[in-house]
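Coordinate inspection notes
Residues per chain are reported as follows:
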Amino acid sequence: ENPDTNTTLVIVEGEHILAVNDASANTFSIYPNPVKEVLHVQGKSMENVNYEIFHITGAPVQKGKINTGNINVSGLNKGIYIISITQNGKKSNLKFIKQ
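Residues numbered from 1 in each chain as written. Predicted model: local features only at pLDDT ≥ 70, side-chain atom pairs only at ≥ 80, totals over all residues. Heavy atoms only, no water.

Let's talk about the confidence of the model for the chain
Across the chain, the average pLDDT comes to 84, with 74% of residues at or above 70. Confidence drops under pLDDT 50 across residues 1–7; counting only partners more than four residues distant or on other chains, this segment forms seven contacts. (pLDDT = per-residue confidence, 0-100. Contact = heavy atoms within 4.5 Å.)

Topic: the pairing of strand E4 (residues 38–43)
Where strand E3 (residues 28–31) meets E4, four bridges bridge the pair, whose relative direction is antiparallel. Residue tyrosine 31 lies in a different strand from E4, and its bridge partner there is histidine 40. Counting the residues in the hairpin turn of E3 and E4 gives six residues. Bridge count for E4 against strand E7 (residues 70–72) is three bridges, and the pairing is antiparallel. Residue pairing in the sheet places histidine 40 in a bridge with asparagine 70 of E7. (Pairing = 2+ DSSP bridges. Helix = DSSP H or I, 4+ residues; strand = E, 2+ residues; numbered from the N terminus.)

A look at the sheet that holds strand E6 (residues 60–65)
The strand order E6-E5-E8-E9 describes an open sheet built from four strands, whose pairing is antiparallel. Every other strand in the sheet has two partners, leaving E6 and strand E9 (90–98) as the edge strands with one partner each. Within this sheet the neighbouring strands show an average axis-to-axis angle of 20°, counted without direction. For strand E8 (residues 79–87) and E9, the ladder comprises nine bridges, and the chain directions are antiparallel. (Axes fitted to C-alpha atoms, helices over the stretch in contact; angles between N-to-C directions.)

Section: the environment of serine 84
Take serine 84: it is sitting in strand E8. Exposure remark for serine 84: the relative accessible area of 4% places this residue in the buried category. Taking C-alpha positions, serine 84 is 8.3 Å from asparagine 50, a pair spaced 34 residues apart along the chain. Discounting chain neighbours no more than four positions away, the residues touching serine 84 are Asn50, Tyr51, Glu52, Phe54, Lys91, Ser92 and Asn93. Within polar-contact distance, the side chain of serine 84 engages the side chain of asparagine 93 at 2.9 Å. (Buried < 20%, exposed > 50% of the residue type's maximum accessible area, 1.4 Å probe, protein only. Polar contact = N/O pair within 3.5 Å; in protein donor to acceptor, adjacent residues only side chain to side chain.)

Observations concerning unusual backbone geometry
The step from tyrosine 31 to proline 32 runs through a cis peptide bond, and the omega angle for that step is -10°. Note that proline 32 resides in the loop between E3 and E4. Residue asparagine 33 is joined to proline 34 through a cis peptide bond whose omega torsion reads 15°. Residue position: proline 34 is located in the loop between E3 and E4. The phi torsion at asparagine 48 lies on the positive side, around 55°, for a residue other than glycine.

Pasting the structure below:
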């Protein structure tokens, strides 16, 4: 068993509260992780999907709509980030590493 699947990470920055829970509870998955240039997002349906990326400190750094399932993250500095994926009012928060 992967020890990361039972961890919870909570970040508080101003009005933003981000939590990363058990990966099995998320309806989306991301790969590759770590990522260099393009982060791929997979879900059952990719309609009406928006995202916001936060630095591990909680600062928002990038946001937009996911049309193709690909997000260009090449402009981000190396580090740990949280991607918050929203679809029809439901939110999934996932942690990734930018190389």
